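Chain residues, written in single-letter form:
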Amino acid sequence: MKPAAFDYWRPSSRREACELLHEHGDEARLIAGGQSLMAVLNMRLAQPKHLLDIAGIEDLHYIERRDDHLAVGAGVTQAELLQYPGLAEAVPLLALAMPWIGHWQTRNRGTVCGSIAHADPSAELPLCLATLGGQVVLENRRGKSRRVMAEDFFQGVLTTDRRQDELITEVRFPLARPGAEYRFREVAMRHGDFAIVALAAVVDSNRVTLGVGGVADRPVSRELARHADPSEALNALAWSLGAEDDAHATAAYRRQLIRELGRELIAGGPRDEENAHARQG
Amino acid sequence: MNAFEPALREGQSGQIGRRQPRIEDDALLQGRGRYADDLAVAPGTLHAAVLRSPHAHARLVGLDASPALAMPGVHAVLTGEDVKRWARPFPVGVRQPMEHWCLAVDKVRYVGEPLAVVMAESRYLAEDALDAIRVDYQTLPVAVDTEAAIAADAPLLHEAVGSNVVSERHFRYGDPEQAFAEAEHRVALKVRVPRSSCTPMECYVVLAEYDPASASYDVLANFQGPYALHTVMARALKVPGNRFRLRTPPDSGGSFGIKQGVFPYVVMMGLAARKAGAPVKWVEDRLEHLQGASSATNRMTEIEAAVTRDGRVTALYWDQVDDCGAYLRAPEPATFYRMHGNLTGAYAIRHLVVRNRVALTNKTPTGLNRGFGGPQIYFALERLMQRIAVELDLDPLEVIRRNLVPSGSFPYRAAAGALLDSGDYPAAVEQGIHEGGLEELLAHRETARREGRLYGIGYTVAVEPSISNMGYITTAMTPEERRKAGPKNGAVSTATISVGPLGDVSAHVSSTPQGQGHRTVVAQVIAEVLGVPLESISVNVELDTGKDAWSIASGNYSSRFSGAVAGAVYQAAVKVRDRLAGIAAAQWQVEASRIRFAEGQVIVNDSELSMPFGRLAGATHWAPGTLPEDEPGGLRETAFWSPPQLEAPDDDDRINSSLCYGFIFDYCGVEVDRITGQVRLDRYVTLHDAGRLLNPDLVDGQVRGAFAQGLGAALMEEFTYGDDGSFQSGTFADYLVPTSVEVPEPLILHRETPSPFTPLGAKGVGEGNNMSTPVCIANAVADALGIADIELPLTPSKVRTLIGIEEPARPQGVGEDQTAPAAGGGSRLTASDSVTLPGSPQAVFDTLLDPETLQAIIPGCHALELTGENAYRADVTVGVGMIRARFDAQVALSDLDPPHGLRLSGAGTSAMGSAEGSAQIRLTEVEGGQTRLDYDYDAAVGGKVASVGGRMLQSASRMIIGQIFARLAQRMGGAAPRLSLWQRLKGLFAGRGGRS
């Protein structure tokens, strides 16, 4: 379990990182916290010739509260975002969901944008971004940046809309809407495991946005009417995601969780109070 | 015999039985442990990496290591050819024409089976070279499921045996036929115990040298014993025992039985060092470990009880099949026979029929694993007791009580031969009930159920065997075969104590501890006997077969330390004490019985006479001339101890398989979440009678550790295999071990009934909860859900399925679920899809047959070379996200039926594993001069990628296969392919707030 040889680069600017990406194409991989990539390298599931470490790029290290969103730069770790003062007011869903990401040790290294870039279908941050309708900001070597909506960014298992010569510079999480409630529920085998099913909800007075992670090949969010009986809509959602059996859970179980936990989450209940506090450790 | 009486403590240190903190911990907590990987290696040591099979079953057609040898830093490659020249297959416990070599020589029989070893200047270079070795496999049908493997038409692992059942024995004790005939009730159950492992933190490490001058091997490995395997290794290496020196490091990062399984690698790396002409170091990585190191034996059991109206079990019928994986590796089939004498558990059941079959399958070979043989027995027996209570409408605790071995009947000879040494089982159960608060728990269940919650209570009693009879394994042979082979029995343990010229006490034991704190307890025992301060005693637990006292029973297994090894330490200490007492008595002209040893002094009772221990002991070195005539001088005593109760199996197959039998009474309360199926352990009570406790802190530590592993086995741990034999639990994200967050603190209760058979009255206690906890939790879940069929691990998905999932129908048009994944989440994927293409079916057909098209539509195809009619060799890089693998692939078009259809198939291997698949393509003309292409595909991946990527494999395969046909559509006319499933789904949910 030793990686194949690679050249290690530590670009000091976005431009330099993008130049390197352009130059080395598919032979290069970006690394920030390395919480997924290092395992992949060690198991030789990828043997890139170049590793571009963006941790040294100073101006990627920021969390900014702007008019309608919280911007998180590509250098920010998950632990830093979780400790951001006022996170629970600014983006309550993140405050609920992030304690479920791995363990505090992995959150100390893993970055927010790294998780978005990796696009694991079970990961919490892509689910939050998709449910909130956030955006990903990418930049290329010409300094040109583009913004992509979360639903267009995530394209499949570990697959995103990022082009080979682009660097994700930040992600934008929309700020809490007045009057909206934010809820999160996850079922995993152990604390910190990949979600079997993760559900995130934004509940407004007349509508609900429900996000589902761990089931389809990417995080999915749907809008449902608030006051109608959600059973049918939840059943349709459950069946629409192409749930699969794996070693830990069956497809039918996943669908059932979407139906039953989805209903609980929309209704709100004691468990949501518990959740808000239980996994803060 | 138990010679130690606490009454003798008067005037002594009281060390035995004290809660003494471990003397090992200072170093370990400061990172100063000396594990095998920390030890200095000889200059010029090469690093080894092992090439492993990605296939579960394949014939080895060819292996070419020359490209690897040409790589920089690579010194040598050991292959099956070398092994055939220099070694022999490992001896096994049953007589069958099958061979297990340390490297595959003709076939590979499980995913992860070693094929070759690369020796290079670094592990990095060695792993680089692994990818360069070219192996030609001819894959064979697999036998993976145990039940399927023993069917008459199953593919055979070892053809010469003629069956995958390599051992079958029938046993009969008492008069079971009559008992069943007279039974008022018969209660039967069929259960399966899955594969799991106790997964030590430190994996295998081997440092090997070969000395051509003396034709001898010198190997250091974190091997845990039993040292009976030293003979197995020496025979495989074709050297006498004294030309194979095996050493162990000072510290070990855990074993739990697993490091018994390092022995094939000891032989392999010895041969590797010989091939390289240099010392070789190998450190197993986690993927290698989970995939190929060892596993507990999975078992299928049919069990039936003859039961009286009031719940008294008069006879048992056992029909068991053990699945030992691809090879019967020593000491298998010991999973059966370690527990054979005590098959009736803690119960007085006199009549017994047993049928034991050992099956081989295309899975990792099995071996020792903490609790060895116990979880399999108790899962069947204690689930059955719970079923008896349910079916007869009795209280499960009452059924247990009515069947326990009665008080006052010890030592008790169980039906199959176990001599249960001591205890009072009924009293222990009552103690557990009162001290554990059962009343409260029962009330809690009442309340919970009234509130509509799913709450259950489970009970288990068990006897915990310790100090294995080295002869038990011969129960696998018929009495006839045993007579021919000669008797095997006993269990010799050894300890050596020496006192230096300055009066300093050193001890050596051949117990190879794996983290349990043996040094602490050895020092406690010596301090007790010699009256010297604990911290002054130096205990060495490294074992060197070239220099130390050892025997075949040496090592760390069957919980033998406290009963056997500490007992031998006691005996050696008594020998030293008695010699010193004799010397002191002569000097002072007093009776030796008046001499006692305490607080570093040698004292004559009822007198003023005393001298420092060191001065008296030093005299044996400095002034041997002053010693009594029969005193030889110097001070080093070795004790060898073997208990007479460990006899060979008798002609009726009765076997006292262990010397000691502790008693366990567990109960627990669980609550099951109705929606998620998650099992929350509310309370767990575990009572142990392990004889005299030498250090209760260490005992509690053992109980906690075994409990955590038992809980893991109950709720989450399982080695899973695909139907094709692919291994699916290659990382700790796939093989789930409970962390401290998931493990509640059990209430631990003790009771001490000394064993009459061990020198200190102690018994083993390290494995009990591995045996009792899984079934105790299972019984509680069965009680909560009111169901009979419980299979471990009780994952949320499985439990929720047991509760019942009544799915509302799939709404019309939603999520045409096109994938039909293999049962059990296999790595095989079958699915169908279609695309609409411009042009006629004939045009599409012709395009597909064009090599240029083929190269263009296969994602990541760098080169395509014609190798036969419609057959190609392709160099393909396949990737998803950050993951990439370069495959050397065969691609073929077959079943040509122009213009209606054809089959496109491919198979390849890469550093990441193997992949194969084929798609049956049908072409149909549709409106507008277009063609609809329907395809059904079937794909499978094996090797590393299946082991570590299971969670995403299906989606990833679907994505890659989908790309082929999307590219075909583009090539046919640049038309956009039909909307993907995904896009169609998105369309279903219109009105998405303006973002769609």
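- You'll find chain B entered in an unreviewed UniProt entry as Molybdopterin-dependent oxidoreductase, with Billgrantia aerodenitrificans given as the organism.
- One UniProt comment on chain B, placed under Sequence similarities (unreviewed entry), says "Belongs to the xanthine dehydrogenase family."

- Under an unreviewed UniProt entry, chain A has the name Carbon monoxide dehydrogenase and belongs to Billgrantia aerodenitrificans.

Considering the domain arrangement of chain B
Residue and element names in this part refer to chain B.
Link 1 in the chain: Here chain B is described as being made up of domain 1 (8-32 + 492-641), domain 2 (39-140 + 201-254 + 258-285), domain 3 (176-196 + 295-466 + 653-801) and domain 4 (828-988).
Link 2 in the chain: Between the C-alpha centres of domain 1 and domain 2 the distance comes to 39 Å.
Link 3 in the chain: Opposite the 17 residues of domain 1 that make contact, domain 2 presents 18 residues.
Link 4 in the chain: Across the side of domain 1 that touches domain 2, the residue classes tally to six nonpolar, nine polar and two charged.

Regarding the UniProt feature "domain: Aldehyde oxidase/xanthine dehydrogenase a/b hammerhead" (unreviewed entry) in chain B
Link 1 in the chain: The positions that UniProt labels "domain: Aldehyde oxidase/xanthine dehydrogenase a/b hammerhead" (unreviewed entry) are, in the present scheme, residues 30-141 of chain B.
Link 2 in the chain: Annotation note: span residues 30-141 of chain B, helix share 17%, strand share 31%, distance between end C-alpha atoms 52 Å.

Thoughts on the sheet that holds strand E13 (residues 207-213) of chain A
Residues and elements named next belong to chain A.
Link 1 in the chain: Read across the open sheet, the four strands follow the order E11-E12-E13-E14; overall the sheet is antiparallel. Every interior strand has two partners, whereas the edge strands, strand E11 (181-187) and strand E14 (220-225), have only one. The mean angle between the axes of side-by-side strands here comes to 15°, regardless of whether they run parallel or antiparallel.
Link 2 in the chain: Sheet analysis places E13 next to E14, joined by six bridges and oriented antiparallel. By the bridge assignment, Leu 210 is partnered in E14 with Arg 222.
Link 3 in the chain: Sitting on the sheet, helix H11 (residues 251-267) is in contact with E11, strand E12 (197-203) and E13, with an inclination near 30° to E12.

Regarding the domain arrangement of chain A
Residue and element names in this part refer to chain A.
Link 1 in the chain: According to the domain assignment, chain A consists of domain 1 (7-56), domain 2 (58-174) and domain 3 (181-275).
Link 2 in the chain: Averaged C-alpha coordinates put domain 2 and domain 3 at centres separated by 21 Å.
Link 3 in the chain: Residue-level contacts link 22 residues of domain 2 with 20 residues of domain 3.
Link 4 in the chain: The set of elements that each furnish at least two residues to the side of domain 2 that touches domain 3 consists of helix H5 (92-97), helix H8 (124-132) and strand E8 (154-156).
Link 5 in the chain: The greatest single-element share of the side of domain 2 that touches domain 3, amounting to seven residues, is contributed by H8.
Link 6 in the chain: Residue composition of the side of domain 2 that touches domain 3, by class: 15 nonpolar, six polar and one charged.

Structural notes on the sheet that holds strand E19 (residues 493-499) of chain B
All names here are of chain B.
Link 1 in the chain: One open sheet accounts for four strands, arranged E21-E20-E19-E25; its pairing is mixed. The open sheet terminates on both sides in strands that have one partner only, identified here as strand E21 (538-540) and strand E25 (636-641). If you compare each strand with its neighbour and ignore which way they point, the axes differ by 15° on average.
Link 2 in the chain: The sheet strands contacting helix H16 (residues 518-530) are E19, strand E20 (505-509) and E21, and the helix crosses E20 at an angle near 130°.

Some remarks on the UniProt feature "domain: FAD-binding PCMH-type" (unreviewed entry) in chain A
Link 1 in the chain: Within the UniProt annotation, "domain: FAD-binding PCMH-type" (unreviewed entry) is assigned to residues 1-178 of chain A.
Link 2 in the chain: A helix fraction of 33% and a strand fraction of 24% characterise residues 1-178 of chain A, whose end C-alpha atoms lie 50 Å from each other.

Thoughts on the interface of chain B and chain A
Link 1 in the chain: With 58 residues of chain B in contact, the opposing surface of chain A contributes 48 residues.
Link 2 in the chain: Contributions of two or more residues to the side of chain B that touches chain A are made by helix H4 (123-130), helix H9 (286-292), helix H21 (796-803), strand E32 (883-897), helix H24 (944-948), helix H25 (950-973) and helix H26 (981-988) of chain B.
Link 3 in the chain: The biggest single contributor to the side of chain B that touches chain A is H25 of chain B, with seven residues.
Link 4 in the chain: Here the side of chain B that touches chain A is composed, by residue class, of 27 nonpolar, 15 polar and 16 charged.

Regarding the environment of Asp 246 of chain A
All names here are of chain A.
Link 1 in the chain: Mapping Asp 246 onto the fold places it in the loop between helix H10 (231-240) and H11.
Link 2 in the chain: Assessed through the 25 C-beta atoms surrounding it within 10 Å, Asp 246 is described here as buried.
Link 3 in the chain: Residues Asp 246 and Leu 158, spaced 88 residues apart in sequence, show a C-alpha to C-alpha distance of 17 Å.

A look at the pairing of strand E3 (residues 74-79) of chain B
Residue and element names in this part refer to chain B.
Link 1 in the chain: In terms of residue burial, E3 counts as a mostly covered element, since six of its six residues are buried.
Link 2 in the chain: Here E3 runs beside strand E5 (residues 114-120); their pairing, made up of five bridges, is antiparallel. Across the sheet, residue Thr 79 finds its bridge partner in E5, namely Ala 116.

Focus on the nonpolar core
Residue and element names in this part refer to chain B.
Link 1 in the chain: Formed by 394 residues in total, the largest nonpolar core has its most connected members in Val 118, Ile 526 and Val 569.
Link 2 in the chain: In terms of residue count, helix H17 (residues 561-588) provides more of this core than any other element does, 14 residues in total.
Link 3 in the chain: Leave out the neighbours within four places in its chain, and Val 118 touches Ala 48, Ala 49, Leu 51, Ala 68, Val 74, Val 77, Ala 126, Ala 129 and Leu 130.

Reading the values: rules and limits
Residues numbered from 1 in each chain as written. Chains lettered and ligands numbered in written order. Predicted model: local features only at pLDDT ≥ 70, side-chain atom pairs only at ≥ 80, totals over all residues. UniProt positions renumbered as here; feature names shortened; annotations may be inferred. Domains from an automatic or database assignment. Contact = placed C-beta atoms within 7 Å. Nonpolar A, V, L, I, M, F, W, Y, C, P; charged D, E, K, R; others polar. Helix = DSSP H or I, 4+ residues; strand = E, 2+ residues; numbered from the N terminus. Pairing = 2+ DSSP bridges. Axes fitted to C-alpha atoms, helices over the stretch in contact; angles between N-to-C directions. Buried ≥ 20, exposed ≤ 12 C-beta atoms within 10 Å, placed from the backbone. Core = buried A, V, L, I, M, F, W, Y, C linked by C-beta atoms within 7 Å.

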